Amino acid sequence: IVIKSAADTVKRMSIELGGKNPNIVFADADFEAAVDGALFGAFANQGEVCSAGSRLLVQASIYDRMCEALAAKAKTIRLGNPLDHATKMGPLVTAEHRDKVMSYVEIGEQSGRRLLCGGRTPERADLRKGFYVEPTIFADVDNRDRIAQEEIFGPVLVVIRFEKEEDAVRIANDTPYGLAGAVWTRD
């Protein structure tokens, strides 16, 4: 519809669609690589990426271990000035967008999902003037939750448990969005 509207008046355009992309981790995956990949997929560019892996589907047998490892590593992500080489995650694009992301954090908390880490704006004095949000991870998320279905476009990762491959495929495809996906397995 957008392209057709632009074509009717011969407008030049570039379109980028939204995403709520699944990153699927099976029990046989290289665990450390999957943890690092999941964090990169969710938090690169502060999560302001249409192809961000913001839904992490984890097989039940490694779910608790994965949640623990994700939270521990996410807490080490250094927020700061993007021009500083020590910085791993910078600010969001605007104050309004930060507020929108924080509204989704509140939705996740109100829905009773387990907040593993983050969910706040940082207290450090050097970050108070920026639009920073800590890397945020929610566990025990149901794929029907708003935080699992709506594109947050910020540093918020939701972790969803699955049992069998068929469950993972069903959950991964159960969203109106979809630009990318990843599967972590040795098979």
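Residues numbered from 1 in each chain as written. Predicted model: local features only at pLDDT ≥ 70, side-chain atom pairs only at ≥ 80, totals over all residues. Heavy atoms only, no water.

Focus: a negative patch on the surface
In step 1: Taken together, Asp 28, Glu 165, Glu 166 and Asp 187 make up a surface patch of like negative charges.
In step 2: With respect to the secondary-structure elements, Glu 165 resides in helix H6 (residues 165-173). (Patch = residues over 30% accessible without salt bridge, like charges linked within 9 Å, V, L, I, M, F, W, Y side chains within 5 Å. Areas by Shrake-Rupley, 256 points an atom, 1.4 Å probe, with all protein chains shown as cover. Salt bridge = Lys/Arg side-chain N within 4 Å of Asp/Glu carboxyl O. Lys, Arg positive; Asp, Glu negative; His and termini not counted. Charge placed at Lys NZ, Arg CZ, Asp CG, Glu CD. Helix = DSSP H or I, 4+ residues; strand = E, 2+ residues; numbered from the N terminus.)

Points about a nonpolar patch on the surface
In step 1: A cluster of nonpolar side chains, namely Val 2, Ile 3, Met 13 and Ile 15, defines an oily patch on the protein surface of about 370 Å² accessible area.
In step 2: Among the structural elements, Ile 3 can be located in helix H1 (residues 2-8).

Description of the pattern of salt bridges
In step 1: Counted under the stated rule, the structure contains 13 salt bridges.
In step 2: Where Asp 145 meets Arg 113, a salt bridge forms, and the shortest distance between an N and an O atom there is 2.5 Å. Of this pair, Asp 145 sits in the loop between strand E4 (136-139) and helix H5 (146-149) while Arg 113 sits in the loop between helix H4 (95-110) and strand E3 (114-117), and the two are 32 residues apart along the sequence.
In step 3: Measuring nitrogen to oxygen at the nearest pair gives 3.0 Å for the salt bridge that ties Arg 146 to Glu 150.
In step 4: Within the structure, one salt-bridge network assembled from shared partners comprises Glu 32, Asp 36 and Lys 73.

Some thoughts on the packing of aromatic side chains
The description of an aromatic ring pair rests on the distance of the ring centres and on the angle between the ring planes.
In step 1: Within the structure shown, the criterion is met by one aromatic pair.
In step 2: Sitting above the plane of the Tyr 63 ring, Arg 161 keeps its charged end 3.9 Å from the centroid. (Phe/Tyr/Trp six-rings, centres within 6.5 Å; stacked < 30°, edge-to-face > 60°. Lys NZ or Arg CZ within 6 Å of the ring centre and 35° of its normal.)

Notes on the pairing of strand E2 (residues 55-59)
In step 1: Counting buried positions along E2 yields five of five residues, so the element is predominantly enclosed.
In step 2: Burial of E2 is two-sided: the residues Arg 55, Leu 57 and Gln 59 facing one way and the residues Leu 56 and Val 58 facing the other way are all buried.
In step 3: Both strand E1 (residues 22-25) and E2 contribute to a ladder of four bridges, which runs parallel. Opposite Asn 23, over in E2, you have Leu 56 as the bridge partner.
In step 4: In this view, the connection linking E1 to its parallel neighbour E2 by way of helix H2 (residues 31-43) has right-handed handedness. (Buried < 20%, exposed > 50% of the residue type's maximum accessible area, 1.4 Å probe, protein only. Pairing = 2+ DSSP bridges. Right-handed = clockwise from strand over helix to strand, strands pointing away.)

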